[in-house]
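Now for the letters of each chain:
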Amino acid sequence: MRSNTVDNKDRNFQNLQPHQLKQLFKLIFIPHLFWALGALIFLLFTVLITLSIPIMVRYIVDGYSFNVETGQKYLFISCVLVVVAALGTAIRFFLVTLLGERLVSDLRQELFEKIINLSPNFFEKTLTGDLVSRINADTTLVQSVAGSTLSLAIRNTLLFLGGIVLMFSTSIKLASFSLLIIPLIVFPLIYFGRFLRKLTRQTQDKLANSAGIASEYIFAATTVQTNSYQDQAVKEYNELIEDSYLKSKIRVFARSIMIFLIIILVFFAISFVVFEGLKDVESGSFSIGELLQFCLYSLVVGVSVGAITETYGEISKFLGALDRIGDIFNTLDPVKEPTNPMSIKTPINGSITFNNVKFSYPMRKETSALDIPNLTINKNEKVALVGLSGAGKTTLFQLIQRLYDPIKGSISIDTYPIDKISKSHLRQQIAYVPQEPVIFSKSVLDNIRIGRVGASIEEVEQAVKLACAEEFINDLPEGYSTLLGERGLLISVGQKQRIAIARAILRDSPILLLDEATSSLDAISEDAIKTAIDNISGNKTIIVIAHRLSTVRNADRILFLEKGKIENEGTHKELIRNNKKYKKLADLQFL
Ligand code: ADP
């Protein structure tokens, strides 16, 4: 099974790391500056009003004891302030929530675009389910934090700091008492916080792994069932889920203890301070209004500390998610776009040249997968690749399409080195029919149009005709509108290949790469595919990974590959005569 290297990177989650801060700005604040700044302004505004309320309470209480009118005047001002604060809070809520929604939509779109453009090397290292989980779960986490928790955390931090300053301005003596108690609350908080963040990270990793495993097994559900492997699959999945549950259990337990301790500590601290304050009221150095004001500030500070601890776990999850999303955005594609791509004159002739090409796969650097010193495939030539499984035939196709770059040497189409032209231009010149064609859960028409988006119905029908797929498509219950089900589960292998050939014909590119199906096709499908290839021969450069005698016989030239090298080349007759290994393979494979 592939290992998830993006995930396994060891990260230090003790504090907000500089790279996380950078990510935070790059992904969240800068693109959504308007919303973020708006929310911040309203947040500051409401914090100021909230902090002024205890002062108003003091004036109301002390004002009433002076005369009723003064008390009423302050009561009225307080009511106005509360209305303004409520309005400010509502606007902040609107801005922050919308920021979260906009953010999650943007992140999902950008992530998908980034992922869908990455080279195969990336997918060899990452489980598909894990990527889907990042697109869904991690972005949702970012949404919930950026769209509420973060603003709560900022608000409570400001209330906490402002509350402390105002406690001191009300009574230095009482505030100093309280300050002695604050470390008692804050230190366990920091310690617990670290512990919680580690656990949170572990839970998230386990969950991402479980999503990877689930999608892999669900994708191959039939294979799992035919091998009676369900119990084992369920066991593997359950172990990961239970593991993540266990981590969550410890985390929830630790948080419960933390909540208990904080409530007790805050309560005792306030009671002690009130007791001391009452003594001052009695001695006349402190008014009852001032004591009330002080108590309210202590309450503000206590509640905001509690709220900060509540948001702590969420924020650490958020940083984890942000990190994982950032990893994808920061993934550098090893197959780079040229900085100044050459413009190409289309239509190209379709000749292909390999010059001193050496290649090994990034995941298996020590083994050479292809070694082709010199090879030219001419315009409109039809070349068959023959060789044992693992000889390097598919690798050759992958290099022509620039899914990987050779380690040494260069490949050109016409006179253009393929790494000097843009990847999309290169791939427009090539149509590829894989051995197991990929069919999407779309209609027949849309599946064929993947070859060329925007092609007219007439063009699609023409391609279908040439691909000998007309008859079976017309027999489908809804013809071209028939939905083919996920991965084309609703049609046979031979039919899938003909749809893929129609797709390739519609693409109308000068080069066609075709990997013949090895699975035994019914005689009709086989004959149809042969006719389809004959139909398009002559005005395209065609390279076929050949599994059939008819294909090698019809080829202008056969390249016989062994262990990544071209062992021999020639026509079928020549190779049968000159190469024992080819003869043996031909006898076994083509009979
Ligand atoms: P063929 O198409 O002739 O059957 P391939 O071109 O698929 O052979 O494979 C050539 C060699 O490269 C084989 O040894 C195969 O195991 C190896 N290989 C293929 N794909 C990868 C990959 N993504 N990573 C590492 N090795 C690979």
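Before any of the text, the structure's been laid out above.
As the structure is a prediction and not an experimental result, all values here were calculated from the model.

Draft legend 1. Local environment of the overall build of the chain. When its secondary structure is counted, the chain shows 20 helices and 10 strands. Against the 2.2 N^0.38 benchmark of 25 Å for 591 residues, the chain shows a C-alpha radius of gyration of 35 Å, more extended than a compact globule. Dimensions of the chain along its principal axes, counting C-alpha atoms only, are 120 × 50 × 45 Å. Taken across its 591 residues, the chain has 47% of its residues classed as buried. Accessible surface computed for the chain: about 30200 Å², of which carbon and sulfur atoms make up 62%.

Draft legend 2. Inspection of the pattern of salt bridges at higher detail. Using the criterion set out here, one finds 17 salt bridges in the structure. Where Lys279 meets Glu276, a salt bridge forms, and the shortest distance between an N and an O atom there is 3.2 Å. Here Lys279 and its partner Glu276 are both found in helix 9 (residues 230-283), three residues apart, which amounts to about one turn of the helix. You can call Glu276 buried: its relative accessible area is 11%. Here Arg548 ties to Glu516 by a salt bridge, and the two come within 3.9 Å at their closest N and O atoms. Of this pair, Arg548 sits in the loop between strand 8 (541-545) and helix 18 (549-554) while Glu516 sits in the loop between strand 7 (511-515) and helix 17 (523-536), placing them 32 residues apart in sequence.

Draft legend 3. Looking closely at the packing of helix 4 (residues 68-116) against helix 6 (residues 128-170). Running from amino to carboxyl end, helix 4 crosses helix 6 at an angle of 155°, the nearest separation of the two axes being 9 Å. When the axes of helix 4 and helix 6 are compared, the pair comes out roughly antiparallel. Crossing of helix 4 over helix 6 shows right-handed handedness. Across the contact of helix 4 with helix 6, the residue classes break down as 12 nonpolar, nine polar and five charged.

Draft legend 4. The sheet that holds strand 10 (residues 565-570), seen in detail. What the six strands build is an open sheet, ordered 6-7-8-3-9-10; its pairing is mixed. In the strand order of this sheet, the two ends are held by strand 6 (430-433) and strand 10, each with one partner. Between one strand and the next, the sheet's axes are offset by a mean angle of 20°, whatever the strand orientation. Judged from the five bridges that link them, strand 3 (residues 382-387) and strand 9 (residues 557-562) form a sheet pairing that is parallel. Across the sheet, Gly387 pairs through a bridge with Leu561, a residue of strand 9. Helix 16 (residues 493-507) contacts strand 6 and strand 7 of the sheet and is inclined by roughly 180° relative to strand 6. Packing against the sheet, helix 20 (residues 580-589) makes contact with strand 3, strand 9 and strand 10, and its axis sits at approximately 100° to strand 9.

Draft legend 5. Looking closely at the site of the ligand. Close to the ligand lie Glu124, Tyr361, Arg364, Leu388, Ser389, Gly390, Ala391, Gly392, Lys393, Thr394, Thr395 and Tyr404. The separation between an oxygen atom of the ligand and a polar side-chain atom of Thr394 is 2.4 Å. A distance of 2.4 Å is found between an oxygen atom of the ligand and a side-chain nitrogen or oxygen belonging to Thr395. Across the complex, the protein chains shield 70% of the 560 Å² of accessible surface that the ligand would expose by itself. Of the residues forming the shell around the ligand, the biggest block, three residues, is contributed by helix 11 (residues 393-400). Along the lines of polarity and charge, the residues of the shell around the ligand split into four nonpolar, five polar and three charged.

Draft legend 6. Fine view of a negative patch on the surface. Judged by side-chain charge, Glu458, Glu461, Glu470, Glu471 and Asp475 come together as a negatively charged surface patch. For the negative patch, the leading source of residues is helix 15 (residues 470-475), giving three residues. Structurally, Glu471 can be placed in helix 15.

Draft legend 7. Representation of helix 7 (residues 172-219) within the structure. Over its 48 residues, helix 7 extends 67 Å from the first C-alpha to the last, a length consistent with the 70 Å expected when each residue adds 1.5 Å. The sharpest bend along helix 7 reaches about 30° and sits at Ile181, with the proline Pro183 one to four residues further on.

What counts and what doesn't
- Here the residue numbers are simple positions, counted from 1 along each chain's written sequence.
- Residues qualify for local features only when their pLDDT is at least 70, as the model is predicted, and side-chain atom pairs are given and counted only at 80 or more; totals for whole chains, interfaces and linings, by contrast, use all residues.
- With hydrogens and water set aside, each side-chain value is computed from the structure's full complement of heavy atoms.
- We count a stretch as a helix when DSSP gives it H or I for four or more residues in a row; a strand needs E for two or more, and each element gets its number in order from the N terminus.
- Our radius of gyration looks at C-alpha atoms and nothing else; its globule reference is 2.2 Å times the residue count to the power 0.38.
- Three exposure classes are used, based on accessible area relative to the maximum for each residue type with a 1.4 Å probe and protein chains only: buried under 20%, partly exposed in between, and exposed over 50%.
- Areas reported here follow the Shrake-Rupley algorithm with a probe of radius 1.4 Å; residue values treat only the protein chains shown as occluding.
- Any Lys or Arg side-chain nitrogen found within 4 Å of a carboxyl oxygen on Asp or Glu counts as a salt bridge.
- Convention adopted: a line fitted to C-alpha atoms gives each axis, helices being fitted over their contacting stretch, and angles between N-to-C directions are expressed from 0 to 180 degrees.
- Any angle that is under 35 degrees is reported as roughly parallel, and any over 145 degrees as roughly antiparallel; angles of 65 to 115 degrees are reported as roughly perpendicular and all others as oblique.
- By convention, the crossing between two helices is left-handed when the near helix turns anticlockwise from the far helix through less than a right angle, and right-handed when the turn is clockwise.
- Residue polarity follows a fixed list, in which Ala, Val, Leu, Ile, Met, Phe, Trp, Tyr, Cys and Pro are nonpolar, Asp, Glu, Lys and Arg are charged, and the others, Gly among them, are polar.
- The pairing criterion is simple: DSSP has to find at least two bridges between the two strands.
- Should any heavy atoms of two residues lie within 4.5 Å, those residues are considered in contact.
- When at least one non-hydrogen atom of a residue lies within 4 Å of a molecule or strand, that residue is treated as near it.
- Contacts described as polar in this section are N or O atom pairs within 3.5 Å, which, within protein, must combine one atom able to donate a hydrogen with one able to accept it, while residues neighboring in sequence count only if both atoms come from side chains.
- Like-charged residues are merged into a patch within 9 Å and nonpolar side chains (Val, Leu, Ile, Met, Phe, Trp, Tyr) within 5 Å, provided each residue has over 30% relative accessible area and no salt bridge.
- Neither His nor the chain ends is counted toward charge; the positive residues are Lys and Arg and the negative residues Asp and Glu.
- A single reference atom marks each charge: NZ on Lys, CZ on Arg, CG on Asp, CD on Glu.
- The length a helix should cover is 1.5 Å for every residue beyond the first.
- Note on bend: at a given residue it equals the angle between the axes fitted to the 7 residues ending there and to the 7 starting there.

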